[in-house]
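Chain by chain, the residues:
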Amino acid sequence: MRKLFVFNLVTLDGYFEGPNREIDWHTVDAEFNGYAIDMLNSVDTLIFGRVTYELMASYWPTPDAIKNDPIVAEKMNTLPKIVFSKTLEKAEWHNTRLVKANIEEEIKRIKKQSGKDIALLGSGSILSQFAQQGLIDEYRIMVNPLVLGNGKPLFRGIKDRLNLKLTKARTFGNGDVLLYYQPVEREK
Amino acid sequence: MQVTLDGFIEGPRGELDWAMKEDEETWNDVLELQRSADTLLLGRVMYPAFEKYWLAAPANPSSTKNEIEYARLADNMQKLVFSKTMEKVEWKTTRIIKNHIAEEILKMKQQPGKDMVLLGGAGLVSTFMNLGLIDEYHLIVNPLVMGGGKPLFKDVKERHKLNLIKTKTFKSGKVVLHYSKGPES
C-alpha cells in the first residue's frame with residue numbers, strides 16, 4: 001500500500017507559524033527547492049486542510065509564483081489535490097476536490113488505490129486529526145534553526161503520546177534538519 | 001538538554017521516562033559534554049533533586065557505571081544555582097547566585113577555564129536567552145510527540161536565530177542538534 005506522509009517546517013520551539021501567521025523564517029533556496037521537486041515527483045495526490053489550502057491556492061497560480069519557482073509551481077498547480085473542510089463552499093484551484101465529511105474513510109479508500117505516495121501539506125488540526133486516527137505513515141519534520149518565542153505549535157491538537165521511530169535525518173546547508181519518522185505500531 | 005519532537009522537557013505530570021532510557025550513545029554524548037566544561041548552571045526548581053540524586057549516586061548500589069562517572073565529574077565541577085530565596089546547599093562545590101545574573105556570567109566568561117553548561121530548567125534557559133547569555137545550544141531531540149508538558153523555550157521573548165554546527169543521530173532514534181548563537185540574537 002502506498003504511504004501518506006506529512007511534510008512540515010517547524011521552528012526549534014515547535015511552531016509552524018508565528019502568532020501573526022509569520023512564515024518569513026522559511027528558507028527557500030536551491031537545495032530546498034531540489035528537495036521540494038523530488039518530493040512532488042514522488043506523489044500523485046496532495047492533501048490540505050482549509051487554512052493551508054487557502055494560503056497555497058492564493059499563491060501558486062499567480063504569475064509571481066510561476067516566475068519565481070516555475071517547476072514547483074507547475075507541480076503544485078497540476079497535481080491532483082484534496083482539501084478537507086466543512087466550511088469551504090468550493091475549491092477553485094485547478095484539479096482540486098473538496099471533501100466535506102468522512103475524512104477517515106476517504107483517506108483509507110485513497111490509500112488502498114494504486115499509485116504514488118500521498119503528501120499531507122498541512123498543520124494544525126488536520127495533522128492532529130490524521131495522527132490520532134493513525135492515518136499518517138511517515139512524518140517529515142524540517143527543523144529550522146531558530147527559536148520563535150511564540151506562535152502556533154505544530155502538534156497542538158495531539159493529546160496522547162505518539163511514539164516514533166527515526167528512519168532518516170538530512171542536514172541542509174542553510175541549517176535546516178529534515179527528520180523522517182514512522183509511527184511506532186498502533187491500532188489501525 | 002533532552003527534548004521531545006514537540007519541544008517539551010517533561011510530560012504533563014513530570015514524566016521523564018522517555019529521556020532516561022539507558023542508551024550508551026546518549027551517555028557518551030552527555031559525558032563528553034560534561035568533560036568539556038568545568039561549571040554547571042542550574043535553576044532553583046531543578047537544583048534540590050539534582051543535588052540529592054547525584055550526591056548520593058556514588059554510594060547508591062543501583063547506580064550504573066555511567067551514572068557514577070557523571071556523579072564523579074559533577075562533584076569536581078563548580079556548580080551555580082540561581083535563586084533569590086535559597087539559603088544553603090549541601091554540595092560543597094555549589095555556589096548560590098541571587099542577583100546580577102548577567103554581570104556574574106559575563107565576568108565568568110572572561111575568566112580562563114573550560115566551558116559552562118546550563119543544565120536547566122526551562123525557566124533558567126529562558127532567562128539566559130532573554131539576557132543573550134547563551135553561546136551554544138546542545139539539544140537531544142527524542143523520537144516522540146508528548147502532546148503536552150513543560151516546554152523548553154517557555155518564556156523566550158523574541159526571535160533567536162541560530163547557526164547549525166553539527167548533528168548526530170543515535171540508534172535509539174535520538175538526534176543531537178548543536179547550534180551556536182546566530183548573528184542577530
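Keep in mind it's a predicted model, so treat the numbers as computed, not measured.

**Things to note about the overall build of chain B**
Okay, so step 1: For chain B, the count of helices and strands is six helices and eleven strands.
Okay, so step 2: Relative to the 2.2 N^0.38 estimate, which gives 16 Å for 185 residues, the radius of gyration of chain B is 16 Å and therefore close to what a compact globule would have.
Okay, so step 3: Expressed along its principal axes, the backbone C-alpha trace of chain B runs to roughly 45 × 40 × 35 Å.
Okay, so step 4: Within chain B, the proportion of its 185 residues that are buried is 29%.
Okay, so step 5: Contacts spanning at least 24 positions in sequence make up 71% of the contacts within chain B whose residues lie at least 6 apart.

**Focus: the sheet that holds strand E7 (residues 136-142) of chain B**
Okay, so step 1: An order of E8(A)-E10(B)-E11(B)-E7(B)-E1(B) is seen for the five strands of this open sheet, with the pairing classed as mixed. In this open sheet, the two strands that pair with only one neighbour each are strand E8 (146-147) of chain A together with strand E1 (2-4) of chain B.
Okay, so step 2: As judged from the two bridges shared by E8 of chain A and strand E10 (residues 160-169) of chain B, these two strands associate in the antiparallel manner. Opposite Val147 of chain A, over in E10 of chain B, you have His160 of chain B as the bridge partner.

**Remarks on the nonpolar core**
All names here are of chain A.
Okay, so step 1: Within the largest apolar cluster, 78 residues are counted, with the highest numbers of intra-cluster contacts made by Ala119, Leu120 and Ile136.
Okay, so step 2: Ranked by residue count, the leading element in this core is strand E1 (residues 4-11), at five residues.
Okay, so step 3: Once you skip the residues sitting within four places of it in the chain, Leu120 turns out to touch Leu4, Val6, Ile47, Leu127, Phe130 and Ile136.

**Observations concerning the sheet that holds strand E4 (residues 81-84) of chain A**
Okay, so step 1: As summarised here, the arrangement of the nine strands in space is E5(A)-E4(A)-E3(A)-E6(A)-E1(A)-E7(A)-E11(A)-E10(A)-E8(B), forming an open sheet in which the pairing is mixed. Because the sheet does not close on itself, it has two edges, and the strands there are strand E5 (96-99) of chain A together with strand E8 (144-145) of chain B.
Okay, so step 2: In the sheet, E1 of chain A pairs with strand E6 (residues 117-120) of chain A via three bridges, with the strands oriented parallel. The residue bridging Phe5 of chain A from the neighbouring strand is Ala119 of chain A, located in E6 of chain A.

**Comments concerning the interface of chain A and chain B**
Okay, so step 1: Between chain A and chain B, the residue contacts involve 26 residues of the former and 25 residues of the latter.
Okay, so step 2: At the level of elements, strand E7 (138-144), E8, strand E10 (162-171) and strand E11 (177-183) of chain A are the ones that each hand at least two residues to the side of chain A that touches chain B.
Okay, so step 3: Residue contributions to the side of chain A that touches chain B peak at seven residues, all from E10 of chain A.
Okay, so step 4: Split into classes, the residues belonging to the side of chain A that touches chain B amount to 16 nonpolar, five polar and five charged.

**A short note on the environment of Leu121 of chain A**
Residues and elements named next belong to chain A.
Okay, so step 1: Mapped onto the fold, Leu121 is located in the loop between E6 and helix H6 (124-132).
Okay, so step 2: Along the sequence, Leu121 and Val177 sit 56 residues apart, while their C-alpha atoms lie 18 Å from each other.
Okay, so step 3: Beyond its immediate chain neighbours, meaning those up to four positions away, Leu121 contacts Phe7, Leu46, Phe48 and Thr52.

**A short note on the packing of helix H1 (residues 30-41) of chain A against helix H4 (residues 70-78) of chain A**
All names here are of chain A.
Okay, so step 1: Where H1 meets H4, the closest approach of the two axes is 10 Å, and the angle between their N-to-C directions is 30°. Considering their axes alone, H1 and H4 lie roughly parallel with respect to each other. Seen along the crossing, H1 lies across H4 with a hand that is left-handed. Only Ile71, Val72 and Lys75 of H4 make contact with H1, whose side of the interface consists of Asn33, Ala36, Ile37 and Leu40.
Okay, so step 2: The class makeup of the residues in the contact of H1 with H4 is five nonpolar, one polar and one charged.

**Re unusual backbone geometry**
Okay, so step 1: Each neighbour pair has its own omega, and for Gly120 of chain B with Gly121 of chain B the value is 0°, a cis peptide bond.
Okay, so step 2: Here Gly121 of chain B lies in the loop between strand E6 (115-120) and helix H6 (122-130).
Okay, so step 3: Phi at Arg21 of chain A is positive, roughly 65°, even though this residue is not glycine.
Okay, so step 4: Following the sequence through the fold, Arg21 of chain A ends up in the loop between strand E2 (15-17) and H1.
Okay, so step 5: Owing to 11 C-beta atoms within 10 Å, Arg21 of chain A belongs among the exposed residues under this scheme.
Okay, so step 6: Non-glycine residue Asn95 of chain A carries a positive phi angle of around 65°.

Rules used in this analysis
- Residues numbered from 1 in each chain as written.
- Chains lettered and ligands numbered in written order.
- Predicted model: local features only at pLDDT ≥ 70, side-chain atom pairs only at ≥ 80, totals over all residues.
- Helix = DSSP H or I, 4+ residues; strand = E, 2+ residues; numbered from the N terminus.
- Rg over C-alpha atoms; globule rule 2.2 N^0.38 Å.
- Buried ≥ 20, exposed ≤ 12 C-beta atoms within 10 Å, placed from the backbone.
- Contact = placed C-beta atoms within 7 Å.
- Pairing = 2+ DSSP bridges.
- Core = buried A, V, L, I, M, F, W, Y, C linked by C-beta atoms within 7 Å.
- Nonpolar A, V, L, I, M, F, W, Y, C, P; charged D, E, K, R; others polar.
- Axes fitted to C-alpha atoms, helices over the stretch in contact; angles between N-to-C directions.
- Parallel < 35°, antiparallel > 145°, perpendicular 65-115°, else oblique.
- Left-handed = near helix turned anticlockwise from the far one by under 90°.

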